[in-house]
Amino acid sequence: GAVVSQHPSWVICKSGTSVKIECRSLDFQATTMFWYRQFPKQSLMLMATSNEGSKATYEQGVEKDKFLINHASLTLSTLTVTSAHPEDSSFYICSASVAGYEQFFGPGTRLTVL
Amino acid sequence: AQTVTQSQPEMSVQEAETVTLSCTYDTSESDYYLFWYKQPPSRQMILVIRQEAYKQQNATENRFSVNFQKAAKSFSLKISDSQLGDAAMYFCAYPNSGGSNYKLTFGKGTLLTVNP
């Protein structure tokens, strides 16, 4: 149980375009979803926290207009990277929790912006 | 603010041997959880073990065990009988309670290499 999926697993896009990443909890309803960014050989950096039906809460230094998060249902959250640039290339990981301390992680999405 | 410190950027161990990964943390809370996550080359985050601070007994999951020293705010992970599949990045994590959401604070990680 507690499976979280992400789609796509790898995306390549041109600079200036927007990319949407989906995060789904497959066998449970997630009250909260989290989005992380991870650079090679570094730790996970929390970008934002989202609750179903509410606006996402962004961490300090994260541009909310560039990284749009929509948590439309208890099983789906999306991260849209708008007007992507090469510096946005990274590994993006989502996680989901059920009103508790434990988070269940998706497999991640590798974004490459050319 | 809670902080998590992993002082060993890299560690290596011989197959079948035992290795200990260190983690210290800072918190003013008295009741909390601590986690160790494994991130293999696939980059999927896998929960290895959790410890509840109010439990005096150290958590154990098969070959993985922790040495939890609450007063010292230390939470080390011991891997016994190391296997090639244990090679991964290991992260220590502390869930910060912020209302109804628990944000995880991660250490910088320890890259574990297992030598055959």
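As the structure is a computational prediction, the values presented were derived from the model and not from experiment. (Residues numbered from 1 in each chain as written. Chains lettered and ligands numbered in written order. Predicted model: local features only at pLDDT ≥ 70, side-chain atom pairs only at ≥ 80, totals over all residues. Heavy atoms only, no water.)

(A) Representation of the pairing of strand β8 (residues 64-69) of chain B within the structure. Residue and element names in this part refer to chain B. Pairing between strand β7 (residues 60-61) and β8: 2 bridges, direction antiparallel. Residue pairing across strands places Glu 61 opposite Phe 64, the latter belonging to β8. Taking the residues that link successive antiparallel strands as the turn, the β7-β8 hairpin has 2 residues, and the phi of Asn 62 there is positive, at about 55 degrees. Looking at chain direction, β8 and strand β9 (residues 74-79) are connected through 6 bridges and run antiparallel. By the bridge assignment, Val 66 is partnered in β9 with Leu 77. If you look at the hairpin formed by β8 and β9, you'll find 4 residues sitting between the two strands, and Lys 73 has a positive phi there, around 55 degrees. (Pairing = 2+ DSSP bridges. Helix = DSSP H or I, 4+ residues; strand = E, 2+ residues; numbered from the N terminus.)

(B) Spotlight on the interface of chain A and chain B. Facing 23 residues of chain A, the contacting portion of chain B comprises 20 residues. Taking both sides of the interface into account, the surface hidden between chain A and chain B amounts to around 1800 Å²; carbon and sulfur atoms contribute 54%. Summed over the three residues of chain A that lose the most area to chain B, namely Ser 43, Tyr 101 and Phe 105 of chain A, the buried surface amounts to 33% of that side. There are 2 salt bridges connecting chain A and chain B. Put simply, Arg 50 of chain B and Glu 102 of chain A hold a salt bridge, and the shortest N to O gap is 2.4 Å. The interface formed by chain A and chain B contains 7 residue pairs in polar contact (both at pLDDT 80 or more). Mapped onto the side of chain A that touches chain B, the elements with two or more residues apiece are β4 (32-38), β5 (44-51) and β9 (90-97) of chain A. (Contact = heavy atoms within 4.5 Å. Buried area = accessible area lost by both parts, 1.4 Å probe. Salt bridge = Lys/Arg side-chain N within 4 Å of Asp/Glu carboxyl O. Polar contact = N/O pair within 3.5 Å; in protein donor to acceptor, adjacent residues only side chain to side chain.)

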